[in-house]
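Spelled out from the first residue to the last, the chains are:
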Amino acid sequence: VGRWIMELVGFPVEGSLCLLLSGGSAANLNALTAACHHAAERDGWNLRAEGLQSGRQRLVLYASEESHSSVQKCVEQLGIGTNNLREIQADAGFRMRPDALRQAIERDLKAGHLPFAIVACGGATNTGAIDPLDEIADIAAEFGIWLHVDGAFGAWAALDPSYAGEFKALARADSVTLNPHKWLQVPLDCGALLTQHPELHRAAFSLTPDYLVSGHSEAPWPCEYMFQLTYGNRALKVWAAIARLGRKGVAELVTRCNGLAKLLEARVRAMPDFEMLAPASLSVVNFRYRPAGRSLDGAAIDALNVRISNAVSESGESHLPTTRVHGKTSLRACFLHYENDESDVEHLVRLVSRLGSSLADQLESA
Ligand SMILES: Cc1ncc(COP(=O)(O)O)c(C=O)c1O
């Protein structure tokens, strides 16, 4: 199953390992643990023995300001501290700026710090933006820094011809997170961690007490590469999903969902009472209801869109959560379901329009 996943998204298979963990957060934590232990080892010290309290150089992590909140949780959990997380500025398309990344690394090296990993978004949660992976891989290679791509949601889109080029550099990543429990829709929970350096994960995690030595099979034990010891079978459900869909089926699913996002974007742009807040990327569309000719200020429009989101949920017809984009409340649509089709886009536009109009009446009269 691990090999199938790697082949599907173009991750090098030879010598690599796929771990099936509880989700994207666990996969990010696993990768960043291995990365910081490796950086310490290259610097001549043993993080497992010394911990972070022996006055060594500061370990520093780089991630886009658009990266998922689990990245911040990782630096907190690892004891790195958020003061040592560099949130790199994104461009107008919400993609990490390579020039800003380079400057931050150079500044830290000058200050005597120890950069240990770069986390690039392979589909940012908020906007679906894909960081310029190839350019970031060049910088990672130049400075000898571990490159982790968080593609928990988006990396399956490597199978969509419209996005395949942007995901080609997954092959250059040291590790990649991608979740079978998102686009592949296997029952919770399952997040895959792909790594080109199984031996470095083993160096960070392996601990075999006497009571576990006997009965050790030839195949590597997952617990040697992760924090968890007892380990459930997550492979079977992933096997079932991929065996049923095949490469063609997974490609069709992600391509269709991404196409629906483009269709929704076109429909939103054509509606006078709707406004796009970010370009559609992958299957994510951020938009809001902003009725023309009404006396609603910015705060009222934010409040209106929160009400619309709640009303959509209460209708039971769709799930349209809010987020913030450029400081504005946004309705965030994300197509992932295997049954989504064009009729869902039309339905959603009509639903938001109808609910938006009546909620705007209420808000205005209040
Ligand atoms: C890009 C990204 N990374 C990490 C995560 C965390 O994944 P999980 O909820 O499986 O821990 C998510 C989940 O929303 C995500 O979108």
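Parameters at a glance
Residue positions are given per chain, counting from 1 as you read along its sequence in written order. Totals for whole chains, interfaces and linings use every residue, but because this is a predicted model, local features are given only for residues with pLDDT of at least 70 and side-chain atom pairs only at 80 or more, for both listing and counting. Values reported for side chains reflect all heavy atoms of the structure, with hydrogen atoms and water molecules removed beforehand. Whether two strands pair depends on DSSP finding at least two bridges between them. Only DSSP runs of H or I covering at least 4 residues are called helices, and only runs of E covering at least 2 are called strands; the numbering of each starts at the N terminus. The axes used here are C-alpha line fits, helices contributing only the stretch in contact, and every angle between their N-to-C directions lies in the interval 0 to 180 degrees. Should any heavy atoms of two residues lie within 4.5 Å, those residues are counted as being in contact. Buried residues of nine kinds, namely Ala, Val, Leu, Ile, Met, Phe, Trp, Tyr and Cys, make up a nonpolar core once their side-chain atoms join them within 4.5 Å. Only protein chains enter the calculation, and the probe is 1.4 Å; a residue is then buried if its accessible area is under 20% of its type maximum, exposed if over 50%, and partly exposed in between. Domain start and stop positions are those given by an automatic or database domain assignment. Accessible area that two parts lose when put together, with a 1.4 Å probe and added across both, is what the buried area reports. Take a side-chain nitrogen of Lys or Arg and a carboxyl oxygen of Asp or Glu: if they are within 4 Å of each other, that pair is a salt bridge. Gly counts as polar in this scheme, as do all residues outside two lists: the nonpolar Ala, Val, Leu, Ile, Met, Phe, Trp, Tyr, Cys and Pro, and the charged Asp, Glu, Lys and Arg.

Visitor: Looking at this structure, I do not really get the sheet that holds strand β10 (residues 322-325). What am I missing?
Guide: Think of a sheet as strands paired side by side through backbone hydrogen bonds, with each pair either parallel or antiparallel. The strand order across the open sheet built from four strands is β8-β9-β11-β10, with neighbouring strands paired in antiparallel fashion. Taken across any chain shown, the strands that pair with only one partner, and hence form the sheet edges, are β8 (274-281) and β10. Averaged over all neighbouring strand pairs, the angle between strand axes comes to 35°, with direction disregarded. Two elements, β8 and strand β9 (residues 284-289), share five bridges in a ladder whose sense is antiparallel. By the bridge assignment for β9, Phe 274 is matched with Tyr 289. Those strands touched by helix α10 (residues 235-270) are β8, β9 and β11 (328-334), and its axis lies near 155° from that of β8.

Visitor: Honestly, the nonpolar core in this entry has me stumped. Any pointers?
Guide: Taken as a class, soluble globular proteins show a tendency for nonpolar side chains to be buried jointly. Ranked by internal contacts, the top residues of the largest apolar core, which has 86 residues, are Ile 5, Ile 118, Trp 156, Phe 167, Leu 264 and Phe 287. In this structure, Ala 40, Leu 61, Leu 78 and Leu 114 belong to the second largest nonpolar core, which totals 23 residues.

Visitor: How should the domain arrangement of the protein chain be read in this particular structure?
Guide: Interfaces are often described in size by the accessible area the parts lose on coming together. Along its sequence, the protein chain is carved into domain 1 (2-232) and domain 2 (248-365). The interface of domain 1 with domain 2 comprises 20 residues on the first partner and 26 residues on the second. Here domain 1 meets domain 2 over a buried area of about 1800 Å², counting both sides, of which 63% is carbon and sulfur. A per-residue breakdown of the area domain 1 buries against domain 2 is headed by Asn 126, Trp 183 and Gln 185, which together make up 34% of the total. Our enumeration of links across domain 1 and domain 2 arrives at zero salt bridges. For the side of domain 1 that touches domain 2, the per-class residue count stands at 12 nonpolar, seven polar and one charged.

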